[in-house]
Amino acid sequence: MKNTFYKQLLLGLVLILFTTTTLKAQYPRFKVLAFYSKEVESAHVTFANDAIKFFKDLTIGKTFVFDLTTNMDDMNDEKVKDYQLVMMLNDFPTSEAQKLAFQKYMENGGGWMGFHVAAYNDRTTQWPWFVDFLGGGVFDRNSWPPLPAKLNVEDTKHPITKALPKTFIAPANEWYQWKPSPRERKNVKVLVSLSQDNYPLGLKDILPGGDTPVVWTNTDYRMIYLNMGHGSEIFKDATQNKLIIDAFRWVVASDKKRNVFNR
Ligand code: ZN
């Protein structure tokens, strides 16, 4: 009788110890490093500041670590190796060392979430790998001034977009169009694009028509690109916020080493 009591007590203590140590080990679940610049176009700095607040608010309860840097030289093997996701809010690698480190990180299964100007490249960009990574599209033109736009959700089953309506009006943004359209690549999955109903879009700089993917992934990598990222309106719409959160979650969850959301 006594023996059984002590056995049960011991079992209980072991269970408590096991539960507290495993729970402790679960949080924070992953690490994110966000790169941004304060030296770029002011509307892109405004967006970065809003994004930092938005993602910091998501870390409540130590869900994940959200580290920040304005130093692109932090794009090096040693610094990024422990991060499940690197975010580019308004900047991109420019030196050879930064470019090589980024390529290596991505080719080894790293995660990338890029907004707006983070995908900017033009005919003078001497970085073929990056253009390829983004789906082959070179920046062609933009709409101006920043305006809201009707977006088409092209895949209603994908984890990033399945909760969204088939169309929605996104808050004011400067919209970029790419040539050729990333859609032409077989390894590109377009999730959201500008509706044809927007055209002509703009008052000064005008997108007259054509195919304008807005959110897409290159399926060879663990990456998502979102064209949103100009000015102070981006995080003011619940539907768009849902898209951003689900895109973020999807990149993190796609880590081949470990899906951190599986308990
Ligand atoms: Zn812009």
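Residues numbered from 1 in each chain as written. Predicted model: local features only at pLDDT ≥ 70, side-chain atom pairs only at ≥ 80, totals over all residues. Heavy atoms only, no water.

Peer 1: Any chance you could explain helix α4 (residues 96-107) here in plain terms?
Peer 2: Since the α-helix packs 3.6 residues into each turn, any two residues three or four apart lie on the same face. Under the 1.5 Å per step criterion, the end-to-end length of α4 is 16 Å for twelve residues, consistent within 8% with the ideal 16 Å. Among the residues of α4, Gln98, Lys99, Ala101, Phe102, Tyr105 and Met106 are the ones counted as buried. One side of α4 holds all its buried residues, which, seen down the axis, span an arc of 165°. When the buried face of α4 is taken as reference, the exposed residues oriented beyond 90 degrees from it are Glu96, Ala97 and Leu100. For α4, the elements touching its buried residues are α3 (77-80), β3 (85-88), β4 (111-115), α5 (128-133) and β11 (222-226). Gly109 occupies a position one or two residues after α4 and carries a positive phi of about 95°. (Helix = DSSP H or I, 4+ residues; strand = E, 2+ residues; numbered from the N terminus. Expected span 1.5 Å × (residues − 1). Buried < 20%, exposed > 50% of the residue type's maximum accessible area, 1.4 Å probe, protein only. Arc of directions from axis to C-beta. Contact = heavy atoms within 4.5 Å.)

Peer 1: Help me understand unusual backbone geometry, please; the structure alone is not making it clear to me.
Peer 2: Negative phi is the rule for most residues except glycine; trans is the rule for most peptide bonds. Cis geometry marks the peptide bond from Trp144 to Pro145; its omega dihedral reads 0°. Mapped onto the secondary structure, Pro145 falls in the loop between β5 (138-142) and β6 (147-153). Residues Lys179 and Pro180 are joined by a peptide bond in cis, for which omega reads -10°. Note that Pro180 resides in the loop between β8 (176-179) and β9 (188-194).

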